[in-house]
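A look at the structure
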Amino acid sequence: MVKKIIALFMCVCFFPTPASAVSTGADGAVVIEAATRQIIYSNNCHERFALASTTKIMTAALAIENGNTTDLVTVSQNAQNQEGSSIYLRTNDRITLEDLLYGLMLNSGNDAAVAIAEYIGGSTENFVKMMNEKAEELGCRDTHFTNPSGLYDKNHYSSAYDMAIIMSYAMENDEFKKIISTKEYQINTGNSVTYLRNHNKLLWQYEKCIGGKTGFTKLAGRCLVTCAERDDITLIAVTLNDSDDWRDHKNLYEYSFERTTKKNIIKRNDILCTRKIRGQRINILAGENFTIPYVSGKKSKISCKIYLSEKINGEIRVGMNIGSARIYSGKYYIGTIPVTSGQSGDNKQTFSRSIDYILRHALLNR
């Protein structure tokens, strides 16, 4: 059991590095770094637009979060009768939630979306309520859902930025990541076998792409949300109503990777703070190095919440593991490191002084 004792803050700023200009034909577009949610590129990223089947990112995330992939789902007539893209489900088909998710994300089945919504939410109406509650929880201010599939409705909309936030949330789940990275899949409804091929062409065209979701309606245009990874940095790109989205996403990623890297901002044995523990003033040290993704020219507000173990017994010796530090970028959790006990804190070296050192070190070695 651990006890939270203190929250610490610092702000890190790195200077710009040269990068070629980039543009898109999208009505709204954004690229963010997935862990810190820092914006690297944006164009009308907070404007509200129709989002077509990129809606299904939220549908899948909620299904995985609230169901078991091995569950068997019975398809309703309502699900069978959905218009638009389909995986050809039939009333009373029995299909696993996992297969429905692959049909949803690879082949964009509207029938799969409704079958999932009815199973997870009890009804499509209740599931849509869950979608909007989750969007609000994630801080999406420009998003409102009216259905689980993305069929056009004037009250069904999102922004490029909100869709990037929803995608970054979904990508925290390994099952979701596995599904959207799959190129081909076979589902069995009990009555038939259906072969699926992922509609996201970037999985074949761009080696850094690790997944995504396409969308299209006549009124929404071509919509695309994708993820790409290089050197343990994950970026998310969103374009809404973009006639040349495959090319634009590749260009956006090349531009954005050029401006994004990782920096070691905390070194092992850096003093995080000095704290009185059972009558002793102890320097609390970082137990290991910690790196963050950062974007050139952007500020990162880094916070550190330190938790001390309640199982510390006897004398506190130098080098003891005494708890952990959870590290955040803004409100987003980005990692945990252990903390250890250092020398007596009588030198009164403070957190701000140690962070001054960390900041200088990061800047001097950018």
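Above this text is the structure in question.
Looking now at the pattern of salt bridges. Overall, the coordinates contain 12 salt bridges when judged by the stated rule. As a salt-bridge pair, D248 and R247 come within 3.1 Å of each other at their nearest N and O atoms. Of the residues examined, D248 reaches a relative accessible area of 1% and is grouped as buried. Given the relative accessible area of 43%, R247 is considered partly exposed. In the salt-bridge network here, residues are joined through shared partners; they are E65, K134 and E137.

Glancing now at the nonpolar core. Membership of the largest hydrophobic core comes to 65 residues, with the highest contact counts inside it found for I57, L101, M105, M167, F176, I236 and V238. If sequence neighbours within four positions are ignored, M167 has contacts with I57, F176, I180, G212, V225, C227 and I236.

What follows deals with the state of the cysteines. Counted by the stated rule, this structure contains zero disulfides. C209 provides the cysteine sulfur closest to C227, a residue in no disulfide bond, and the two sulfurs are 7.4 Å apart. A relative accessible area of 0% means that C227 is categorised as buried. In this model C273 remains outside any disulfide bridge; the closest cysteine sulfur is found in C304, 7.8 Å from its own.

Positionally, A220 belongs in the loop between β8 (209-217) and β9 (221-230). Judged by its relative accessible area of 4%, A220 falls in the buried class.

Pairing between strand β13 (residues 280-286) and strand β17 (residues 332-344): four bridges, direction antiparallel. Residue A286 lies in a different strand from β17, and its bridge partner there is V339. Bridge count for strand β16 (residues 321-329) against β17 is eight bridges, and the pairing is antiparallel. Residue pairing across strands places N321 opposite T340, the latter belonging to β17. Hairpin connection from β16 to β17: two residues lie between these consecutive antiparallel strands, with G330 at a positive phi of about 60°.

Our next topic: the environment of T146. Along the chain, T146 turns up in the loop between α5 (124-137) and α6 (160-170). With relative accessibility at 28%, the residue T146 sits in the partly exposed group. Distance in space between the C-alpha atoms of T146 and H156 is 5.3 Å, their sequence separation being 10 residues. Apart from residues no more than four positions distant in its own chain, T146 is found in contact with V128, D153, N155 and H156. At 3.4 Å, the side chain of T146 and the side chain of N147 are in polar contact.

What counts, and where the lines are drawn
- Residues numbered from 1 in each chain as written.
- Predicted model: local features only at pLDDT ≥ 70, side-chain atom pairs only at ≥ 80, totals over all residues.
- Heavy atoms only, no water.
- Salt bridge = Lys/Arg side-chain N within 4 Å of Asp/Glu carboxyl O.
- Buried < 20%, exposed > 50% of the residue type's maximum accessible area, 1.4 Å probe, protein only.
- Core = buried A, V, L, I, M, F, W, Y, C linked by side-chain atoms within 4.5 Å.
- Contact = heavy atoms within 4.5 Å.
- Disulfide = S-S within 2.5 Å.
- Helix = DSSP H or I, 4+ residues; strand = E, 2+ residues; numbered from the N terminus.
- Pairing = 2+ DSSP bridges.
- Polar contact = N/O pair within 3.5 Å; in protein donor to acceptor, adjacent residues only side chain to side chain.

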